[in-house]
Amino acid sequence: MADSRIAGCFVVDHPLVRSKIAVLRSRDTSCEQFRRTLHELTTLIAFEATRDLLTKNIEVETPLARCAGHRLAHPVTIVPILRAGLGMAEALWDVIPEARVGHVGMYRDEKTLRPKSYYFKTPPDLAETDVFLVDPMLATGHSASDAATELKSSRVTSLRLMAMVGCVEGVTRFRKNHPDVPVYLAVLDEHLNDQAYILPGLGDAGDRYFGT
Ligand code: URA
């Protein structure tokens, strides 16, 4: 459902999402539990983020009879922003196993707090696919914006951004730069601190996922 604060931002408001977000946020959650919960949440967010994918009619033979069925009309590409996006990509790949996976490498320059791109590798037919850009934290919105710009330079037209925790400033920036790209989140927080971490957020998603 759309968040009334920002057009084009969909916060998946559901009891399972709300309770799992509390697990992700808690400092007492172990690395293993964090990983498992991030996967589960990604699957729940994917349910909304994939809702408007087009399907084709097909015929299926059950052991008993022929019947009408469906399959996705276009190939899907999942593009995690390295490194924290890898966890969401794995989980999304589990529910769309036929998808291909591209990678965008961005790191945050700790002085300027701006992203620097160091890697971009995607399937050759990227432009003909429905692309899901994934990164758990939409903080300043700079990395996601730059990644979306890189994808559009490769002629991507069907693009969606999936994150876990967003903040108003980052989502607003992203939507201003990419008003054609919907954003799907588990929760929208209000603040960024002076180190560009989301408050209350969940800390460093990559560190918590990989145990670094
Ligand atoms: N990246 C993170 O991992 N956490 C934040 O709060 C912001 C950016």
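Provided above is the structure to which this section pertains.
Residues numbered from 1 in each chain as written. Predicted model: local features only at pLDDT ≥ 70, side-chain atom pairs only at ≥ 80, totals over all residues. Heavy atoms only, no water.

Draft legend 1. Expanded view of the side chain of Thr29. Assignment of secondary structure puts Thr29 in the loop between α1 (15-25) and α2 (31-49). Those residues in contact with Thr29 that lie beyond four places of it in its chain are Val23, Phe34 and Arg208. (Helix = DSSP H or I, 4+ residues; strand = E, 2+ residues; numbered from the N terminus. Contact = heavy atoms within 4.5 Å.)

Draft legend 2. Focus on the pattern of salt bridges. Applying the stated criterion across every chain yields a total of 14 salt bridges. For Arg83, the salt bridge identified is with Asp204, shortest N-O distance 4.0 Å. Of this pair, Arg83 sits in the loop between β4 (76-82) and α3 (85-95) while Asp204 sits in the loop between β15 (198-199) and α6 (205-210), and the two are 121 residues apart along the sequence. Residue Arg83 is classed as partly exposed on the basis of its relative accessible area, which comes to 34%. The residue Arg100 makes a salt bridge to Asp125 at a minimum N-O spacing of 3.0 Å. Here the residue Arg100 occupies a position in strand β5 (residues 100-101), and Asp125 occupies one in the loop between β7 (115-121) and β8 (130-134), the gap between them amounting to 25 residues. (Salt bridge = Lys/Arg side-chain N within 4 Å of Asp/Glu carboxyl O. Buried < 20%, exposed > 50% of the residue type's maximum accessible area, 1.4 Å probe, protein only.)

Draft legend 3. Quick peek at the site of the ligand. The environment of the ligand is formed by Met137, Ala139, Ala196, Tyr197, Ile198, Gly203, Asp204 and Ala205. Contact between the ligand and Ile198: an oxygen atom at 2.8 Å from a main-chain N or O atom of the residue. Between Gly203 and the ligand, the recorded distance is 2.8 Å, taken from a backbone N or O atom to a nitrogen atom. Summarising the interface, the protein chains cover 86% of the accessible area of the ligand, which totals 230 Å² for the free molecule. Here the residues of the shell around the ligand are counted per class, giving 6 nonpolar, 1 polar and 1 charged. (Near = heavy atom within 4 Å. Polar contact = N/O pair within 3.5 Å; in protein donor to acceptor, adjacent residues only side chain to side chain. Areas by Shrake-Rupley, 256 points an atom, 1.4 Å probe, with all protein chains shown as cover. Nonpolar A, V, L, I, M, F, W, Y, C, P; charged D, E, K, R; others polar.)

Draft legend 4. Region of the structure containing the environment of Ser154. With respect to the secondary-structure elements, Ser154 resides in the loop between α4 (142-153) and β10 (159-162). Each C-alpha atom, one on Ser154 and one on Ala127, is 6.6 Å from the other, the two residues being 27 residues apart in sequence. Setting aside chain neighbours within four positions, we find Ser154 in contact with Phe120, Leu126 and Ala127.

Draft legend 5. Structural detail: the sheet that holds strand β13 (residues 187-189). Here 3 strands make up an open sheet; going across it, the order is β9-β11-β13 and the pairing parallel. A strand with exactly one partner marks an edge of an open sheet, and here the two such strands are β9 (137-138) and β13. Note that β9 and strand β11 (residues 165-167) share 2 bridges and pair parallel. Note that in β11 the partner of Leu138 across the bridge is Gly166. (Pairing = 2+ DSSP bridges.)

Draft legend 6. A look at the packing of aromatic side chains. Following the criterion strictly, the structure yields 3 aromatic pairs and no others. Geometrically, the ring pair formed by Phe10 and Tyr184 is stacked, given 5.1 Å between the ring centres and 20 degrees between the ring planes. Taken together, the positions of Phe10 in strand β1 (residues 9-11) and Tyr184 in strand β12 (residues 183-185) put the pair 174 residues apart, joining distant regions of the chain. Residue classification places Phe10 among the partly exposed residues on the basis of a relative accessible area of 27%. Note on Tyr209 and Phe210: the rings are 4.9 Å apart at their centroids and 75 degrees apart in plane angle, and the pair reads as edge-to-face. Tyr209 sits in the buried class, given a relative accessible area of 7%. (Phe/Tyr/Trp six-rings, centres within 6.5 Å; stacked < 30°, edge-to-face > 60°.)

Draft legend 7. α4, seen in detail. With 12 residues, α4 should cover 16 Å at 1.5 Å per step; its first-to-last C-alpha distance of 16 Å lies within 8% of that length. What α4 keeps buried is the set His142, Ala144, Ser145, Ala147, Ala148 and Leu151. In the segment just after α4, Arg155 is the residue with positive phi, at about 70 degrees. (Expected span 1.5 Å × (residues − 1).)

Draft legend 8. Representation of the nonpolar core. Within the largest apolar cluster, 34 residues are counted, with the highest numbers of intra-cluster contacts made by Ile21, Leu24, Ile45, Leu92, Met162, Met164 and Val165. Those elements that place two or more of their residues in this core are α1, α2, β4, α3, β8, β11 and α6. Sort the elements by how many residues they give to this core and α2 lands first, with 6 residues. Sequence-distant contacts of Leu24, defined by excluding residues within four places in its chain, comprise Phe34, Thr37, Leu38, Leu41, Met164, Leu202 and Arg208. Val79, Met106, Ala147 and Leu185 belong to the second largest nonpolar core, which has 25 residues in total. (Core = buried A, V, L, I, M, F, W, Y, C linked by side-chain atoms within 4.5 Å.)

Draft legend 9. Structural context of the packing of α4 against helix α5 (residues 168-177). Viewed as axis vectors pointing N to C, α4 and α5 meet at an angle of 20 degrees, and their least axial separation amounts to 9 Å. Viewed along their axes, α4 and α5 adopt a mutual orientation that is roughly parallel. Handedness of the α4/α5 crossing: right-handed. Contacts between α4 and α5 involve His142, Ala144, Ser145 and Ala148 on the former and, on the latter, Arg173, Phe174 and Asn177. Among the residues forming the contact of α4 with α5, the class breakdown is 3 nonpolar, 3 polar and 1 charged. (Axes fitted to C-alpha atoms, helices over the stretch in contact; angles between N-to-C directions. Parallel < 35°, antiparallel > 145°, perpendicular 65-115°, else oblique. Left-handed = near helix turned anticlockwise from the far one by under 90°.)

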